[in-house]
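# Observations on chain architecture
Single-letter residue listing:
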Amino acid sequence: MSKSSSPDFTASTVVLLEGNALPQKVFLPIPQKNNADLAEGKDFFPDLPKTFYTATGFPQCFPVFTPDELQGQTADNAN
């Protein structure tokens, strides 16, 4: 999802809150960039550690699992 989609989603929310219907299909532009225009540290990050993980939960809602806990799950121990 592109950052430029946020205004579209906000406008859609206002339309719904006003009691109006939204169209069934909405066509949003797909962000594109040529390889020559990609900048290291802005568009891609080659020096991240091999163990880079994003957040796996929200402590306010449910427990946060470590990457090791997630990778260790199998069909036998998932419950």
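Residues numbered from 1 in each chain as written. Predicted model: local features only at pLDDT ≥ 70, side-chain atom pairs only at ≥ 80, totals over all residues. Heavy atoms only, no water.

### Structural notes on the overall build of the chain
Our working rule: What counts as a helix is a DSSP run of H or I of at least four residues, what counts as a strand is a run of E of at least two, and both are numbered from the N terminus. Burial classes follow relative accessibility: with a 1.4 Å probe on protein chains only, a residue under 20% of its type's maximum area counts as buried, one over 50% as exposed, and anything between as partly exposed. Here, Shrake-Rupley sampling with a 1.4 Å probe gives the accessible areas, and only protein chains in the shown set may cover a residue.
Regarding its fold elements, the chain presents two helices and zero strands. Burial statistics for the chain: of 79 residues in total, 4% are counted as buried. Counting every atom, the chain has about 7500 Å² of accessible surface; 58% of that belongs to carbon and sulfur.

### A short note on the pattern of salt bridges
Stated formally: We count a salt bridge whenever a side-chain nitrogen from Lys or Arg sits within 4 Å of a carboxyl oxygen from Asp or Glu.
According to the stated counting rule, one finds one salt bridge in the structure shown. Between Lys-33 and Asp-43 there is a salt bridge, and its shortest N-O distance comes to 3.2 Å. With Lys-33 in the loop between helix 1 (5-17) and helix 2 (67-71) and Asp-43 in the loop between helix 1 and helix 2, the pair connects residues that are 10 residues apart, well separated along the chain. Residue Lys-33 is classed as partly exposed on the basis of its relative accessible area, which comes to 41%.

### Here we look at a nonpolar patch on the surface
Here is the rule we go by: Only residues whose relative accessible area exceeds 30% and that take part in no salt bridge are eligible for patches, with like-charged residues grouped when within 9 Å of each other and nonpolar side chains (Val, Leu, Ile, Met, Phe, Trp, Tyr) grouped when within 5 Å.
Taken together, Phe-58, Phe-62, Phe-65 and Leu-70 make up a surface patch of nonpolar side chains, about 380 Å² in accessible area. Here Leu-70 is to be found in helix 2.

### Things to note about helix 1
Put simply, the rule reads: A helix's residues, less one, multiplied by 1.5 Å, set its expected span.
For helix 1, which comprises 13 residues, the first-to-last C-alpha distance of 19 Å matches the rise-based estimate of 18 Å (1.5 Å per residue) to within 8%. Just downstream of helix 1 lies Gly-19, where phi reads positive at about 90 degrees.

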